[in-house]
Amino acid sequence: MKQLAPLTKLVFTVAVSIWAMLLTSLPGLGLLAVAQVVTLAVCGLLGRTYKGILSLTGFAVVLILVQYALGSELEAAIAGGLRMIDMATVFVILLATTKMQSLTTALVSQCRVPQEYAFMFTTALRFIPDFLAESKAVREAQACRGYTGKGGIVRRFTSYLALVGPLVLRAVSRSETMALSLELRGFGAGRRSFSTDVGLKFRDYCTLLGMIALTAGFTAGRIVYGW
Amino acid sequence: MKAISFENFSYAYPKSGVVLEKLCFEVEQGSFTAIVGPSGAGKTTFCLAAAGVVPHYFGGRTGGTVVVQGIQTMDSTMGELAKDVALVLEDYESQLVAMTVEDEVAFGLENAGVDRKLIPQMVRETLQLVGLSGREQCEVGGLSGGQKQRLALAGALVTKPDILILDEPASALDPAGTEELYSLLGKLNEQGMTILVVEHDIAQVLPYIDQLVLLMEGRIAVAGQPEAALRKMSEESLFQEVIPPLQELRFLLEKHGCRFGAWRCEADAVRELSAVLQEAGEVSRSA
Ligand SMILES: Nc1ncnc2c1ncn2[C@@H]1O[C@H](COP(=O)(O)OP(=O)(O)OP(=O)(O)O)[C@@H](O)[C@H]1O
Ligand SMILES: [Mg+2]
């Protein structure tokens, strides 16, 4: 999975979503979910992702119960839950096997997504670790000045508000500097090259063909046999 | 052609008073300039103006012109200027835009459309220069302050700009790191790169610079060859805090008739001072 080009994996994501929509029978949907989990296991990624998958499953169970309680058929409710698992798991696979950088490269160079939008995505991700570090720093700074934030729910809530102010201010100024840095380093001026190779290889074409065949099969099955 | 020339340049941010006032100033090709000045004097703004960020990015009011490598910054764009000028910002952390060290350094090359096959080699060489080799795959978020500062420098250096501008590039470095940084900049300068740096620790840059500028309240208070500039700052008590103690001592001794060479580094000073002391000792013994 890791050796496939990012574009192939993007197509795979879309394909699995389509399959999840095409399939209506419980065994079919269940099999799709199992197949994905097996894929993760084969790639040796289950260890890193099982927590996510488990919480997804928990969420799906709640969803099924709610739907059932609201008066849907049990079978339809379970199918809905499975479908959600199918579609969410494929994103887990995509993100666990693809570097963000190669994903944006594929989006820009192969899917013709404007580079500004694609990079918005990566830079947004870049913010997360900084944001966490900063919220810790602000909290420490406030603690140094005798601000505790312990106590009842209301106290807790207001203490969070006190945290939000400086954080937001800092984030705004950061994003401005970052935008400035992008321009300073020639982003968006002229033709860009990409340091990661995202070209399709033989195995990508095989995988793509396989996915087309499967999709055609599922479509035919649905129309002809009413799976 | 001058590398950078400010001609009567004035600037005010959209919501500020005048920050730079009628600057006239030139940077020679291949020179090494250090800028000092109190907080709020406009040093950062000065750097931004030399890279065209001011006024292109911030807007605001301007007067006069800035010419960089023969191009008027007003008539150009930041992307265009990026080919000639690289800037390391004071806020180096926010300057970093990528997730990993390698991608961060490659970013400028990608923007310039450099062939993919050449990129890894250039990235590796540049990381080696700044002392980050072997960290290609590290996450940017996990680096220390000093490492991030080195990375910001690598990102600026990798495109081999004619002019490199650094705004307090050693603020997060330890003393050894600072020395390494300036000896690297000195080497790059010898290879022909024009360098402009904002640095308060004059003793660190003194071995390498050939021009020293004191900026105060948006005006150039002193500019010129380093020894002359320092002497003027000392005589007129301008921002005296930054004058290295050794230089102050030297000016004091010179008032008593001693004569010294340039004293670019401590070793120079030690050598000449011990010679003077020995002489003084001999005089007192023979008397
Ligand atoms: N984005 C901005 N908008 C409005 N005013 C600004 C902006 N940036 C700086 N200024 C003002 O311009 C003046 C000069 O700021 P500048 O950052 O250039 O000073 P500096 O010499 O770099 O100071 P320091 O040593 O603290 O970095 C200051 O009075 C500051 O308030
Ligand atoms: Mg500054």
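The rules we used
- Once a new chain begins, its residue numbering starts again from 1 and follows that chain's sequence as written.
- All chains are assigned letters beginning at A, and all ligands numbers beginning at 1, according to the order in which they are written.
- Residue-level local features of this predicted model are given only where pLDDT is at least 70; pairs of side-chain atoms are given and counted only at 80 or more, and the full residue set underlies all totals for whole chains, interfaces and linings.
- Excluding hydrogens and water, the side-chain values take into account all heavy atoms of the structure.
- Here is the rule: rings of Phe, Tyr and Trp (six-membered ring for Trp) pair when centre to centre is within 6.5 Å. Planes less than 30 degrees apart are stacked, more than 60 are edge-to-face, and the remainder are tilted.
- Comment: elements are numbered from the N terminus, with helices defined as DSSP H or I runs of at least four residues and strands as E runs of at least two.
- Each residue's exposure class comes from its accessible area (1.4 Å probe, protein chains only) as a fraction of the maximum for that residue type: buried when under 20%, exposed when over 50%, partly exposed otherwise.
- Any two residues whose heavy atoms approach within 4.5 Å are treated as being in contact.
- A simple way to read buried area is as the amount of 1.4 Å-probe accessible surface that goes missing from two parts once joined, with both sides added.
- In the sections that follow, a salt bridge refers to a side-chain nitrogen of Lys or Arg positioned within 4 Å of a carboxyl oxygen of Asp or Glu.
- The pairing criterion is simple: DSSP has to find at least two bridges between the two strands.
- Proximity is defined per residue: any heavy atom of the residue falling within 4 Å of a molecule or strand makes that residue near it.
- Contacts described as polar in this section are N or O atom pairs within 3.5 Å, which, within protein, must combine one atom able to donate a hydrogen with one able to accept it, while residues neighboring in sequence count only if both atoms come from side chains.
- Exposure was quantified through the Shrake-Rupley algorithm and a 1.4 Å probe, taking into account, for residues, occlusion by the shown protein chains and nothing else.
- Under the convention adopted here, Pro, Cys and the residues Ala, Val, Leu, Ile, Met, Phe, Trp and Tyr are nonpolar, Asp, Glu, Lys and Arg are charged, and Gly plus all remaining residues are polar.
- Angles run from 0 to 180 degrees between N-to-C directions of axes, and those axes are lines fitted to C-alpha atoms, restricted for helices to the stretch in contact.
- Each angle is binned into one of four classes, with values under 35 degrees roughly parallel, values over 145 roughly antiparallel, values of 65 to 115 roughly perpendicular, and all other values oblique.
- For the domains described, the bounds stem from an automatic or database domain assignment.
- Whether a set of points on the 1 Å grid over the protein atoms alone is a cavity depends on a 1.4 Å probe fitting there but being unable to get out, while an open set qualifies as a pocket with protein on both sides within 12 Å along at least five of seven lines; lining residues are those with an atom within 4 Å of a point.
- Grid points are joined across faces, edges and corners, and a volume is the space filled by probe spheres set on the points.
- The rule for donors is simple: an N, O or S atom within 2.8 Å of the metal counts, and for Na, K and Ca the reach is 3.2 Å. Water is not among the atoms, so a site may look short of donors.

Draft legend 1. How the structure looks around the packing of aromatic side chains. One pass over the full model with this rule turns up 11 aromatic pairs over all chains. When the ring of Trp-19 of chain A is compared with that of Phe-218 of chain A, the centres are 5.7 Å apart and the planes differ by 70°; the resulting orientation is edge-to-face. Placement of the pair is Trp-19 of chain A in helix H1 (residues 6–22) and Phe-218 of chain A in helix H8 (residues 202–225), with a sequence separation of 199 residues. Summarising the burial analysis for this pair, Trp-19 of chain A and Phe-218 of chain A share the class buried. Taken together, the ring pairs connect Phe-6, Phe-9, Phe-25 and Phe-46 of chain B into an aromatic cluster.

Draft legend 2. The interface of chain B and chain A, seen in detail. At the junction of the two partners, chain B supplies 33 residues and chain A supplies 30 residues. Carbon and sulfur atoms supply 53% of the area buried between chain B and chain A, which totals about 2900 Å² over both sides. By the criterion of area lost to chain A, the three top residues of chain B are Glu-110, Asn-111 and Arg-116 of chain B, representing 21% of everything that side buries. Seen at the junction of chain B and chain A, the total is 1 salt bridge.

Draft legend 3. Structural context of the pairing of strand E4 (residues 61–68) of chain B. Residue and element names in this part refer to chain B. By the bridge criterion, 7 bridges tie strand E1 (residues 4–12) to E4 in an arrangement that is antiparallel. Across the sheet, the residue bridging to Ala-12 is Arg-61, located in E4. Across 2 bridges, E4 lies against strand E5 (residues 71–72) in antiparallel orientation. Across the sheet, residue Val-68 finds its bridge partner in E5, namely Ile-71. Between E4 and E5, which pair antiparallel and follow one another directly, the connecting turn spans 2 residues, one of which, Gln-69, has a positive phi of 50°.

Draft legend 4. Fine view of the site of ligand 1. Residue and element names in this part refer to chain B. In the vicinity of ligand 1 lie 14 residues, with Ser-39, Lys-43, Thr-44, Thr-45 and Glu-90 positioned nearest. Side-chain polar atom of Ser-39 to an oxygen atom of ligand 1: 2.7 Å apart, as the coordinates give it. At a separation of 3.0 Å, an oxygen atom of ligand 1 approaches a polar backbone atom of Gly-42. A total of 630 Å² of accessible area belongs to ligand 1 in isolation, and the protein chains cover 63% of it. Residue contributions to the shell around ligand 1 peak at 3 residues, all from helix H1 (residues 43–50). Of the residues in the shell around ligand 1, the class split is 5 nonpolar, 6 polar and 3 charged.

Draft legend 5. Spotlight on the packing of H1 of chain A against helix H4 (residues 74–97) of chain A. Residues and elements named next belong to chain A. At a closest axis distance of 9 Å, the pairing of H1 and H4 adopts a crossing angle of 175°. Judged by the angle between their axes, H1 and H4 are roughly antiparallel. Contact residues: H1 offers Lys-9, Leu-10, Phe-12, Thr-13, Val-16, Ser-17, Ala-20 and Met-21, while H4 offers Arg-83, Asp-86, Met-87, Val-90, Phe-91, Ile-93, Leu-94 and Thr-97. Taken together, the residues that form the contact of H1 with H4 break down as 10 nonpolar, 3 polar and 3 charged.

Draft legend 6. Structural detail: the domain arrangement of chain A. Each domain of chain A was delimited in the assignment, giving domain 1 (6–99 + 196–225) and domain 2 (120–184). Computed over C-alpha atoms only, the centres of domain 1 of chain A and domain 2 of chain A are separated by 36 Å.

Draft legend 7. Molecular detail of empty space enclosed by the protein. All told, the structure shown has 2 cavities of 30 Å³ or more when counted by the stated rule. In this structure, the largest cavity encloses a volume near 80 Å³. Among the secondary structure elements, those contributing two or more residues to the lining of the largest cavity are helix H6 (115–144) of chain A together with helix H5 (101–111) of chain B. Tallied by class, residues from the lining of the largest cavity come to 5 nonpolar, 3 polar and 3 charged.

Draft legend 8. Structural view of helix H5 (residues 100–109) of chain A. With respect to burial, H5 of chain A is a largely interior element, 8 of its 10 residues being buried. Taken together, the buried residues of H5 of chain A touch H1, H4 and H6 of chain A together with H5 of chain B.

Draft legend 9. Structural context of the side chain of Asn-111 of chain B. Structurally, the position occupied by Asn-111 of chain B is in helix H5. Separated by 3.1 Å, the side chain of Asn-111 of chain B and the backbone oxygen of Arg-185 of chain A make a polar contact.

Draft legend 10. Region of interest: the environment of Glu-102 of chain B. Inspection of the secondary structure puts Glu-102 of chain B in helix H5. Measuring from C-alpha to C-alpha, the distance between Glu-102 of chain B and Glu-136 of chain B comes to 4.6 Å, with 34 residues separating the pair along the chain. Glu-102 of chain B has contacts with Lys-99 of chain A together with Val-123, Glu-136 and Gln-137 of chain B, leaving out every residue within four places of it along the chain.

Draft legend 11. Representation of the coordination of the magnesium ion (ligand 2) within the structure. All names here are of chain B. Only Thr-44 (OG1) and Glu-90 (OE) from the protein reach the magnesium ion (ligand 2) as donors, at distances of 1.9 to 2.6 Å. Here Thr-44, found in helix H1, pairs with Glu-90, found in the loop between strand E6 (85–88) and helix H4 (92–95); they are 46 residues apart in sequence, far enough to count as distant. Its relative accessible area of 25% is what places Thr-44 among the partly exposed residues.

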